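What follows is the residue order along each chain.
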Amino acid sequence: MSQQPPYGHQPPPGYGYPPPPPAPRKTGAGKIVGFSCLGIVGLVVVLGIAGAMLGDDTSDKTVKPSTAGASQPSAKADPAPASKPEKKSPITVTAKAATFKPSVPANGDYTSVSVTVTNNSAKEISVNPLYFAITDTVGTKHGPELGVDEAQIDTVDLAPGENVTGVISGKGTFTAKKVTYTDGLLGDNVRADVS
């Protein structure tokens, strides 16, 4: 039979109340939800950038006169002042059909267009084959194929007043109608008809 310690004495070590149980671990569900939302926002941003790069800016920004009441001239029409010089576009692009000159990595059919980019702005601009797209006569947009034509346009920075000429190529055989140059990855589009 075990003996009880006398009243007022402490029990020997190893006896008494057990230690409290450890605190339950948190699962981090808040972190998982937070990172999931961050991933979705990141995906939307990447898709927005890709859409801006490949987007087709077909909006016509020129004002066309109305055909309603065309027989009656407007009494309030002000003639444009002749003393103001025409404002030059900050970037001009010219394009003409070119003969495809295959390079070593080329296999298959390609269509090439010779382009000239001129920097009329007061700041430096970048030119890269990836900044171009070719639209054919049926409205299909063709992205650039890199390294397939010997005369591919170079990746360069143009100072104000400088220009560069080279070729951009699209996969397949088609008739090129327009060339679109995007000033950087997210800049403005400059279009040129292929002559």
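Check the entry above for the structure.
Every value quoted in this text rests on a predicted model; they were computed, and no experiment measured them.

1. Considering the overall build of the protein chain
Next, step 1: Broken down by element type, the protein chain carries one helix and nine strands.
Next, step 2: Counted from the first residue to the last, the protein chain has its helices and strands arranged as α-β-β-β-β-β-β-β-β-β.
Next, step 3: Relative to its 195 residues, the protein chain shows a buried fraction of 24%.
Next, step 4: Once local pairs closer than 6 in sequence are excluded, the contacts in the protein chain between residues at least 24 apart make up 69%.
Next, step 5: Counting only carbon and sulfur atoms, one obtains 59% of the accessible surface of the protein chain, whose full area is about 14,700 Å².

2. Here's the deal with the sheet that holds strand β4 (residues 132-136)
Next, step 1: Read from one edge of the open sheet, four strands run β5-β4-β8-β9, paired in antiparallel fashion. Every interior strand has two partners, whereas the edge strands, β5 (141-142) and β9 (189-193), have only one.

3. Looking at the pattern of salt bridges
Next, step 1: In this structure the tally under the stated criterion is one salt bridge.
Next, step 2: Taking the shortest distance from any N to any O, the salt bridge between Asp193 and Lys178 comes out at 2.7 Å. Taken together, the positions of Asp193 in strand β9 and Lys178 in strand β8 (residues 176-182) put the pair 15 residues apart, joining distant regions of the chain.
Next, step 3: Judged by relative accessible area, Asp193 falls into the exposed class, the value being 52%.

4. Structural notes on the packing of aromatic side chains
Next, step 1: Using the criterion set out here, one finds three aromatic pairs in the structure.
Next, step 2: Ring geometry for Phe100 versus Tyr110: centroids 5.3 Å apart, planes at 35 degrees, classification tilted. Here Tyr110 lies in strand β2 (residues 110-119) and Phe100 lies in the loop between β1 (91-98) and β2, a separation of ten residues in the sequence.
Next, step 3: Taken together, a centroid distance of 5.3 Å and an interplanar angle of 45 degrees make the contact between Phe132 and Tyr181 tilted.

The rules behind these values
The numbering scheme is per chain: residues are counted from 1 as the chain's sequence reads. Side-chain atom pairs in this predicted model are given and counted only at pLDDT of 80 or more, local residue features only at pLDDT of at least 70, and totals for whole chains, interfaces and linings cover all residues. Side-chain descriptors were evaluated using all non-hydrogen atoms of the structure, hydrogens and water having been removed beforehand. Strands are runs of DSSP state E lasting at least two residues, helices are runs of H or I lasting at least four, and both sets are numbered from the N terminus onward. Buried means the residue's accessible area, taken with a 1.4 Å probe over protein chains only, is under 20% of the maximum for its type, while exposed means over 50%, and partly exposed covers the values in between. Two residues form a contact once any of their heavy atoms are found within 4.5 Å. Accessible surface is estimated by sampling points in the Shrake-Rupley manner with a 1.4 Å probe; for residues, cover comes only from the protein chains shown. Strand pairing is defined by DSSP finding a minimum of two bridges between the two strands. A pairing counts as a salt bridge when a side-chain nitrogen of Lys or Arg comes within 4 Å of a carboxyl oxygen of Asp or Glu. Paired rings are identified among Phe, Tyr and Trp, the last through its six-membered ring, by centres lying within 6.5 Å, and are further divided according to the angle between planes into stacked (under 30 degrees), edge-to-face (over 60) and tilted (the rest).

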